[in-house]
Structures are given as C-alpha cells and as structure tokens.
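Notes for the structure review
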Amino acid sequence: MAFTKTTEQSSKYEHLEKMSVHDLLTNINNEDKTVPLAVEKAMPQIEALVSKVVEQMKKGGRLFYIGAGTSGRLGIVDASECPPTFGVPFDLVIGLIAGGDTAIRKAVEFAEDDKEQAWKDLSEWNINENDVVIGIAASGTTPYVVGGLEKCNENNITTGCISCNAGSPLALTAKFPIEVVVGPEFVTGSSRMKAGTAQKLVLNMISTATMIQLGRVKGNKMVDMQLSNVKLIDRGVRMIMGEIPVSYEEAKALLEQYGSVRKAIDHYNK
C-alpha cells in the first residue's frame with residue numbers, strides 16, 4: 001500500500017494492563033477528545049457529500065450505507081433511526097453489512113473479504129442512478145466496501161465514503177470521500193474506538209443535515225417523528241403546545257386525531 005494506516009499504528013500508551021481504572025478511563029477520554037477536531041478538519045468534504053445527497057434525494061433517490069463489522073453496524077444504526085426520528089419510509093436510508101443481518105450481532109468470518117458481494121446486496125434493492133452509496137471503513141481498504149463503490153462508479157451511481165486513513169483505496173475510489181484521520185487507537189488497532197466514534201459523528205451529521213434540508217424538521221423540532229411510545233407521544237404533545245395556544249389535553253386530542261405533530265399544527269392553523 002502506498003499510504004500509511006495510522007489506525008493500525010501502535011498506541012501512544014504502553015503497558016495498559018498495569019494502569020489503574022482511573023488512568024485507563026482518563027487516557028481513553030483524552031484520546032476521545034481529539035476526535036471532534038479531526039472531524040472538523042473534514043468539514044469541507046462532509047459538506048460536499050451532504051449537498052450531493054440532498055440533491056439526489058430531491059430527485060427521488062435513496063441513501064445507502066455499506067460497511068463491515070463496526071462500520072457496517074454504525075451505518076445500520078444511523079439508517080434505522082431515520083424513520084422514527086424524521087418520519088421517512090424505512091427504505092429511504094438503508095444500511096447494508098457484509099455477512100447480512102447475522103453480522104449485526106455476530107461477526108461473520110471473511111464476509112468483508114468478498115469484493116463482489118456488496119454489489120449483489122445493493123442490486124437486491126434495485127439501486128439506480130438517483131441513489132447515493134456511502135462506503136464506511138476505518139481502514140479504507142475493506143474489499144466488500146471498495147468493491148461495492150467500484151461497481152457503483154461503473155454504473156454511474158454517486159459514491160461517497162467515510163474512512164479514517166488519508167489516501168486510502170476507498171477514498172480514491174469514492175467520488176465524494178470523507179477522511180477523518182484520528183490516528184492510533186488507545187488499544188492498538190481497535191478501530192471501534194476513535195475511528196468508530198468519528199464515523200458515528202459524521203453519520204449523525206450526514207443524516208440529520210440531509211433530513212433538515214428535505215424539510216423534515218420545523219424550527220428545531222422533530223415534527224414528523226413516529227409516535228411509537230408514551231415518551232414520544234408526550235414529547236409530541238408538548239411540541240404542539242409550544243407552537244399553538246392549547247392545553248395539554250387539547251394538544252393530545254389533536255395529536256391523536258391527526259397522527260403527527262406537523263399535521264396537528266397545520267390543521268389547527270388552517
């Protein structure tokens with residue numbers, strides 16, 4: 001490889017097994033503090049990708065995340081939280097992981113090494129030129145992810161990535177690469193730590209900014225959220241009370257009648 005995998009370099013800390021709990025936690029926390037600064041350096045790349053995602057979704061496109069291991073699981077978490085948070089269909093943001101759903105809970109041996117499988121997985125969703133595929137891989141070398149983006153490029157599908165090494169094969173393959181270089185992990189090579197945190201932060205930014213741009217937030221409220229439990233129903237009622245002059249009981253009745261905060265407010269104002 002012509003680039004350096006800083007995510008694989010030796011930890012700055014030695015003899016971890018000899019540290020007290022206090023020292024372990026303090027040192028992990030000190031390393032974690034560096035992650036938002038690394039994300040900040042990648043802001044221009046993040047902005048470029050989000051702008052493209054919004055553009056494609058306004059054409060009717062979808063957003064796909066593909067990854068293996070921790071990276072794949074993080075993509076699935078972000079995708080799965082979009083419907084309850086923003087009230088969008090479950091198939092608008094889709095997370096795919098090497099090894100399939102089994103790999104969400106348990107590692108599937110060698111699944112990430114299959115360079116052809118990601119395209120097969122994407123093809124099951126009838127992927128098309130309006131869609132965007134973001135590959136997630138801390139190393140930037142995962143064959144499942146790199147191979148998937150290569151096939152997308154061949155089929156004129158917009159590609160992006162989130163990696164934590166500069167100049168990786170994945171970043172060179174993606175049309176809209178995001179490189180968040182977090183450096184060596186506290187436990188050497190354990191990229192579920194700083195790299196995983198960086199990926200989670202960027203995923204939050206991508207999905208949240210996209211949904212706001214698509215009109216799925218009003219003011220600063222999740223007015224399209226799914227009312228799937230008592231806590232969220234109560235939150236919805238209080239959102240309504242904050243927007244229109246009604247009592248708790250009246251707001252709850254409106255929410256029950258119209259099924260969403262947005263619809264309840266809109267119907268009242270009409």
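This is a predicted model, so every value here is computed, not measured.

A closer look at unusual backbone geometry
Its identity as a non-glycine residue notwithstanding, Phe 110 has a phi of 65°, on the positive side. Along the chain, Phe 110 falls in the loop between α5 (102–105) and α6 (117–123). Take Phe 110: its relative accessible area is 66%, and that puts it in the exposed class. Phi at Asn 156 is positive, roughly 60°, even though this residue is not glycine. As for its position among the elements, Asn 156 is in the loop between α7 (143–154) and β4 (158–163). For Asn 156, a relative accessible area of 52% puts it in the exposed group.

Focus on α7
Owing to its 3.6 residues per turn, the α-helix brings residues three or four apart onto one side. Over its 12 residues, α7 extends 16 Å from the first C-alpha to the last, a length consistent with the 16 Å expected when each residue adds 1.5 Å. Lining the buried residues of α7 we find β1 (63–67), β2 (93–97), α6, β3 (132–136), β4 and α8 (169–173). At the exit of α7 stands Asn 156, carrying a positive phi of roughly 60°.

Looking at the pairing of β1
The buried count for β1 comes to five of five residues, which makes it a mostly enclosed element. Covered by surrounding structure in β1 are Leu 63, Tyr 65 and Gly 67 together with Phe 64 and Ile 66, the residues of both alternating faces. One ladder, built from five bridges, connects β1 with β2; its direction is parallel. Bridge pairing in β2 links Leu 63 to Val 93.

Focus on the pattern of salt bridges
Where charged atoms from two side chains of opposite charge approach closely, those side chains can pair. All chains considered together, the criterion is met by 10 salt bridges. Residues Glu 31 and Lys 12 are paired through a salt bridge, measuring 3.0 Å at the closest nitrogen-oxygen approach. Within this pair, whereas Glu 31 is found in helix α1 (residues 21–32), its partner Lys 12 is found in the segment before α1, the two being separated by 19 residues in sequence. Residues participating in the shared-partner salt-bridge network are Lys 12, Glu 31 and Lys 194.

What about the domain arrangement of the protein?
Along its sequence, the protein is carved into domain 1 (6–215) and domain 2 (218–269). Contacts between the two partners involve six residues from domain 1 and, on the opposite side, five residues from domain 2. Each partner contributes to the roughly 440 Å² buried at the junction of domain 1 and domain 2, and carbon and sulfur atoms together form 46% of this total. On the domain 1 side of the interface with domain 2, the three residues burying the most area are Pro 84, Thr 85 and Gly 215, jointly 66% of the side's total. In this structure, the connection of domain 1 to domain 2 is made through zero salt bridges. Taken together, the links from domain 1 to domain 2 amount to four residue pairs in polar contact (both at pLDDT 80 or more). Class assignment for the residues of the side of domain 1 that touches domain 2 results in three nonpolar, three polar and no charged.

Notes on the nonpolar core
Counting residues in hydrophobic clusters, the biggest one holds 34 residues, and the most contacted among them are Leu 63, Tyr 65, Val 93, Ile 134, Ile 178, Val 180 and Ile 206. Ile 66, Trp 119, Cys 152 and Cys 161 belong to the second largest nonpolar core, which has 23 residues in total.

Rules used in this analysis
Residues numbered from 1 in each chain as written. Predicted model: local features only at pLDDT ≥ 70, side-chain atom pairs only at ≥ 80, totals over all residues. Heavy atoms only, no water. Helix = DSSP H or I, 4+ residues; strand = E, 2+ residues; numbered from the N terminus. Buried < 20%, exposed > 50% of the residue type's maximum accessible area, 1.4 Å probe, protein only. Expected span 1.5 Å × (residues − 1). Contact = heavy atoms within 4.5 Å. Pairing = 2+ DSSP bridges. Salt bridge = Lys/Arg side-chain N within 4 Å of Asp/Glu carboxyl O. Domains from an automatic or database assignment. Buried area = accessible area lost by both parts, 1.4 Å probe. Polar contact = N/O pair within 3.5 Å; in protein donor to acceptor, adjacent residues only side chain to side chain. Nonpolar A, V, L, I, M, F, W, Y, C, P; charged D, E, K, R; others polar. Core = buried A, V, L, I, M, F, W, Y, C linked by side-chain atoms within 4.5 Å.

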